[in-house]
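Structural description and commentary
So you can see what is in the structure, the chains are spelled out below.
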Amino acid sequence: MFFAAVTCLCGLFTVINAASLSSGTCSIPDGQQSLVTGLRTQLVNSAILQTSPDPSVLVALNLAEALDLCMKTQLVEKIKETLVEKNIQEMTSGKVALYVLAFRSSCENPEDVTTPQNTVNLVNLLEEKTKEEINYFYDHGTLKTTYYQLALDTLALCVVKSLDVEEASIILAKAALANDFEFGGHFSVDTGAVASLALTCVREMSKIQQREVMKVIEEALAKMTKQMLGEQQSNGIIGNIYSTGLAIQALSVTSEFYNLGAWSCVKTKEKVLHEISLGAFNNPAAAAQILPSLVGKTYLDVRDPTCSSGSGSSITVQYTITNALVGPSFRYSIIVNVPEGSVLLTVLNAAQCAKPNEFSFQTEQTSWGPMVVSIHNIQASTNEKTYWQFLSGETPLDQGVGSYKPVNGEHIVAIFSRY
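Attention here is on the structure that accompanies the text.

Procedures and definitions
Throughout this description, residue numbers start from 1 for each chain and increase along the sequence as written. Whole-chain, interface and lining totals are the exception, using all residues; otherwise, since this is a predicted model, local features are given only for residues with pLDDT of at least 70 and side-chain atom pairs are given and counted only at 80 or more. For the side-chain quantities, the full set of heavy atoms in the structure was used; hydrogens and water were omitted. In this scheme, strands are said to pair when DSSP sees at least two bridges between them. We count a stretch as a helix when DSSP gives it H or I for four or more residues in a row; a strand needs E for two or more, and each element gets its number in order from the N terminus. Throughout, a contact is declared for two residues whenever any of their heavy atoms are within 4.5 Å. An axis is simply a line fitted to the C-alpha atoms; with a helix, the fit covers only the stretch in contact. Between two such axes, the angle follows the N-to-C directions and lies from 0 to 180 degrees. Accessibility here uses a 1.4 Å probe with only protein chains present; expressed as a share of the type maximum, an area under 20% marks a residue as buried, one over 50% as exposed, and anything in between as partly exposed. Definition of a polar contact: a pair of N or O atoms within 3.5 Å, with one able to donate and the other able to accept a hydrogen when the atoms are protein atoms, and with sequence-neighbouring residues admitted only if both atoms are side-chain atoms. Two rings from Phe, Tyr or Trp (for Trp, the six-membered ring) form a pair when their centres are within 6.5 Å of each other. A pair whose planes differ by under 30 degrees is stacked, one over 60 is edge-to-face, and the rest are tilted. Any angle that falls under 35 degrees is termed roughly parallel, while one over 145 is termed roughly antiparallel, one within 65 to 115 roughly perpendicular, and all others oblique. Crossing handedness is read from the near helix: turned anticlockwise from the far helix by less than a right angle, it gives a left-handed crossing, and turned clockwise, a right-handed one. Pairs of cysteine sulfur atoms within 2.5 Å are identified as disulfides in what follows.

Summarising the sheet, strand β7 (residues 361-366) and strand β8 (residues 369-375) pair through six bridges and their orientation is antiparallel. The residue bridging T363 from the neighbouring strand is V372, located in β8. Following β7, the chain reverses through two residues before pairing antiparallel with β8.

A separate point is the sheet that holds strand β9 (residues 378-379). Strand order in the open sheet made by the three strands is β7-β8-β9, with antiparallel pairing throughout. The sheet terminates laterally at β7 and β9, the two strands that pair on one side only. Sheet topology note: the β8/β9 ladder contains two bridges and is antiparallel. Across the sheet, the residue bridging to S374 is Q379, located in β9. Against the sheet, helix α14 (residues 344-354) contacts β7 and β8, and its axis sits at roughly 155 degrees relative to β7.

Right, let's get into unusual backbone geometry. Non-glycine residue C107 carries a positive phi angle of around 65 degrees. Position of C107 among the secondary structure elements: in the loop between α5 (93-105) and β1 (113-114). Exposure remark for C107: the relative accessible area of 32% places this residue in the partly exposed category. Phi at N179 takes a positive value of approximately 60 degrees, unusual for a residue other than glycine. Mapped onto the elements, N179 comes out in the loop between α8 (165-177) and β3 (182-183). A relative accessible area of 33% means that N179 is categorised as partly exposed.

Mapped onto the secondary structure, Q227 falls in helix α10 (residues 211-230). Overall, the relative accessible area of 14% leaves Q227 in the buried class. Reaching out from Q227, the side chain makes a polar contact with the side chain of E182 at a distance of 3.4 Å. Beyond its immediate sequence surroundings of up to four residues, Q227 is in contact with N179, E182 and F187.

A few words on the packing of aromatic side chains. Tallied over the full model, the rule gives eight aromatic pairs. Here the aromatic rings of Y319 and F359 are separated by 5.5 Å at their centres, their planes lie at 40 degrees, and the arrangement is tilted. Separated by 40 residues along the polypeptide, Y319 in strand β5 (residues 314-323) and F359 in helix α15 (residues 356-359) bring together distant segments of the chain. The same class applies to Y319 and to F359, which are both buried. Summarising the aromatic geometry, the rings of Y332 and F359 are spaced 6.5 Å apart at their centres and angled 70 degrees between planes, so their arrangement reads as edge-to-face. Placement of Y332 in strand β6 (residues 330-339) and of F359 in helix α15 is noted, with a sequence separation of 27 residues between them. Here a set of aromatic residues connected by ring pairs shows up, and it is made of Y319, F330, Y332 and F359.

Contact geometry of α5 with helix α6 (residues 122-140) gives a least axis separation of 9 Å together with a crossing angle of 150 degrees. On the basis of the axis angle, α5 is roughly antiparallel to α6. Handedness of the α5/α6 crossing: left-handed. Between α5 and α6, the residues in contact are S93, V96, A97, Y99, V100 and F103 and L122, V123, L125, L126, K129, T130 and E133, respectively.

On inspection of all chains with the given rule, the structure shows three disulfides. Between the sulfur atoms of C70 and its disulfide mate C353 the distance is 1.4 Å. On the criterion of sequence distance, the pair formed by C70 in helix α4 (residues 69-85) and C353 in helix α14 is long-range, its members being 283 residues apart. Across a sulfur-sulfur distance of 2.1 Å, C158 and C201 are joined as a disulfide pair.

This brings us to the sheet that holds β6. Taken in spatial order, the five strands line up as β6-β5-β12-β10-β11 in an open sheet, and their pairing is mixed. Sheet topology places β6 and β11 (395-396) at the edges, where each strand pairs with a single neighbour. Pairing of β5 with β6, which is carried by ten bridges, proceeds in the antiparallel orientation. Within the sheet, the bridge partner assigned to Q318 lies in β6 and is I335.

What follows is the structure, given as structure tokens:
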């Protein structure tokens, strides 16, 4: 299951331990940082290409600080459009929780999500749907959906400091103690990991200090940690390759519940990096689930998001658009910075963000990927046999804007042409 798709003294140790993921004995070796950078760029490219990005992808990219302000704004707007197109009242509580986390990680207020059609309070909606889950549980002795979704609900409610989180956290903790996260004789690492993150968050909430609640939560954390460690394989994988990212996050914030040597973070990350080199995380949902742990972050960091420009290696690309066929002729040029490994579509987006009056464009989805059909309000036409031709310098490109990856210092030219 993909995350499919953020004060007491003890909390201080949790924060310090989480930070050790990116600095210290479990850091990514310099010689393999390119694998993480490549995965991050791959996820950026997929998000730009998607008409409706999954909220879990936006969470991962924000935690990895992979987006500049312009890209982040574009993806947030895409997600808002998705909320308009879908009936959010019919979404599961877990899906609403993901949207709450996506907006929060983007430094947007999930209680005030404004679209041209209306304004939505996603926190209120999540509270309502979580109450439905809880009431269903009391009436039927089981959940309406799954414990994985209730764990997402609890995590998101805690991140936004909703007091409605307490009852959900108690049900989640008691379910963990009753072994309700086991399926087919195996502990569900995905569910246990998200539940561990959620309960760790609740444990650190200063507004929830009831001794009985804390006792149950700590017992559940200790049990789930032991069960997760019991799902370790000799090669470092925990559960399966796709659940390992969530397990790394959970184990990084629950180290007080296991002995030194019970888990080798280094071995686990070495195996994950090897799998990345084999293409195991080419799927955006899989990449989104593993990326935060590779940059030393957990979903608890959504509580205090980084509201600044992206980081990582970037390249400089010159982009020129030219029209001498129809209407007033024009030639505009701009130099933009984009993450290294970005597809050409990212360059077009960066130019549009910087100068929308000059570099506006539209695409249509084809079986070969996105095709640019309009630039600067000049539309391609099959009747007139006109199209936008892309070149590198003077050489026509043999790949589309969703596939071609410019290099540093390259000059990309778009010429309105006739065939």
